[in-house]
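Topology and contacts: notes
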Amino acid sequence: MKTVFVTVGTTRFDELIESVTSPEVTQILKARGYERLVLQVGRGTFVPDADSCAHLSVEAFRFKDSIAEDMRQADLIISHAGAGSCLEALGAGKPLLVVVNDKLMDNHQLELARQLHMDHHLLYCTCSTLIETLKNMDLSVLQPFPPGQPKNFADFLDKALGVK
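Just so it is clear, the structure is predicted and the values come from calculations on it, not from any experiment.

1. Notes on the overall build of the protein chain
Across its full length, the protein chain carries 7 helices and 6 strands. A compact globule built from 164 residues would reach a C-alpha radius of gyration of about 15 Å, and the protein chain, at 15 Å, matches this within 12%. For the C-alpha atoms alone, the extent of the protein chain along its principal axes is close to 50 × 30 × 30 Å. Residues counted as buried form 46% of the 164 residues belonging to the protein chain. Contacts spanning at least 24 positions in sequence make up 59% of the contacts within the protein chain whose residues lie at least 6 apart. For the protein chain, the exposed area adds up to about 8300 Å²; of that, 53% sits on carbon and sulfur atoms. Looking at charge distribution, the protein chain has the averaged site of its 16 positive side-chain charges lying 3 Å from that of its 21 negative ones.

Following this line, the structure appears as structure tokens:
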């Protein structure tokens with residue numbers, strides 16, 4: 001069953017969960033062949049019911065000891081732009097769409113997502129552009145992130161955040 005895994009990490013990002021479970025988004029996902037939506041909702045107040053989406057089967061949870069298995073089973077990962085979640089998703093070798101929370105002040109997440117996008121490792125958008133991004137996304141342009149090189153990722157973060 002073709003699966004989308006959505007993660008907000010340890011944060012609260014109800015806008016993302018509400019957006020991905022909207023009728024417009026679930027219809028697009030269904031049209032792209034996805035049948036299952038697994039949501040890690042973190043500290044959010046919005047937790048969709050299993051029957052909340054007409055087009056897809058839905059599972060939701062707050063936290064687990066590890067989401068590695070959810071990522072491994074996913075055909076597409078939609079994530080908030082936290083560095084830890086991005087690194088874990090990229091390490092899983094799955095197509096990644098990062099949704100930047102544009103409500104955050106001093107949004108380092110945007111710089112990280114933009115740099116990883118420029119290097120062809122992920123696609124990114126905001127909740128307001130999610131529908132258009134899903135309609136037009138071409139996952140074939142994505143390139144794997146080099147595994148097991150923490151120094152490269154640290155250097156990359158420094159570059160993306162303007163530290164070096």
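2. Considering the packing of aromatic side chains
Scanning all chains against the criterion turns up 1 aromatic pair. Seen from their ring centres, Phe 5 and Phe 61 are 6.4 Å apart, and the 15° between their planes marks the pair as stacked. Taken together, the residues Phe 5 in strand β1 (residues 3-7) and Phe 61 in strand β3 (residues 57-61) connect sequence positions 56 residues apart. Of the two residues, Phe 5 and Phe 61, neither departs from the other in class, the shared state being buried. Over the face of the ring belonging to Tyr 34 we find Lys 2, whose NZ or CZ atom lies 4.5 Å from the ring centre. Over the face of the ring belonging to Phe 61 we find Lys 64, whose NZ or CZ atom lies 4.4 Å from the ring centre.

3. Quick notes on unusual backbone geometry
If you check the backbone angles, His 120 has positive phi at about 65° while not being a glycine. Mapping His 120 onto the fold places it in the loop between α5 (108-118) and β6 (123-126). Given a relative accessible area of 39%, His 120 falls into the partly exposed group.

4. A look at helix α2 (residues 23-31)
Every buried residue of α2 is listed here: Val 25, Thr 26, Ile 28 and Leu 29. Mapping the buried residues of α2 onto a view down its axis gives an arc of 160°, with all of them on the same face. Exposed positions of α2 whose direction lies more than 90 degrees from the buried face are Pro 23 and Ala 31. Buried residues in α2 make contact with β1, α1 (14-20), β2 (36-40) and α6 (130-136). Note on α2: the residue one or two positions beyond its end, Gly 33, has a positive phi of about 95°.

5. Some remarks on the side chain of Thr 7
Note on placement: Thr 7 falls in strand β1. Here the side chain of Thr 7 touches Gly 9 through a polar contact of 3.1 Å, landing on its backbone nitrogen. Discounting chain neighbours no more than four positions away, the residues touching Thr 7 are Leu 16, Gln 40, Ile 67, Met 71, Ile 78, Ser 79, His 80 and Ser 85.

6. Here's the deal with the pairing of strand β5 (residues 96-100)
With 5 of 5 residues buried, β5 lies mostly within the body of the structure. Burial along β5 is two-sided: the residues Leu 96, Val 98 and Val 100 and Leu 97 and Val 99 are all buried. The sheet contact formed by strand β4 (residues 76-80) and β5 spans 4 bridges and is parallel. When the bridges of β5 are listed, His 80 appears paired with Val 99.

7. Focus: the state of the cysteines
Per the stated rule, a full pass over the model turns up 0 disulfides. With no disulfide of its own, Cys 53 lies closest to Cys 127 among cysteine sulfurs, the gap being 15 Å. Among the residues examined, Cys 53 registers a relative accessible area of 7% and is labelled buried. Take Cys 127: it sits in no disulfide, and the sulfur closest to it among the cysteines is that of Cys 125, at 7.3 Å. With a relative accessible area of 11%, Cys 127 lands in the buried category.

Calculation rules
- Residues numbered from 1 in each chain as written.
- Predicted model: local features only at pLDDT ≥ 70, side-chain atom pairs only at ≥ 80, totals over all residues.
- Heavy atoms only, no water.
- Helix = DSSP H or I, 4+ residues; strand = E, 2+ residues; numbered from the N terminus.
- Rg over C-alpha atoms; globule rule 2.2 N^0.38 Å.
- Buried < 20%, exposed > 50% of the residue type's maximum accessible area, 1.4 Å probe, protein only.
- Contact = heavy atoms within 4.5 Å.
- Areas by Shrake-Rupley, 256 points an atom, 1.4 Å probe, with all protein chains shown as cover.
- Lys, Arg positive; Asp, Glu negative; His and termini not counted.
- Charge placed at Lys NZ, Arg CZ, Asp CG, Glu CD.
- Phe/Tyr/Trp six-rings, centres within 6.5 Å; stacked < 30°, edge-to-face > 60°.
- Lys NZ or Arg CZ within 6 Å of the ring centre and 35° of its normal.
- Arc of directions from axis to C-beta.
- Polar contact = N/O pair within 3.5 Å; in protein donor to acceptor, adjacent residues only side chain to side chain.
- Pairing = 2+ DSSP bridges.
- Disulfide = S-S within 2.5 Å.

Everything listed here is a matter of geometry and, on its own, says nothing about what the molecule does.
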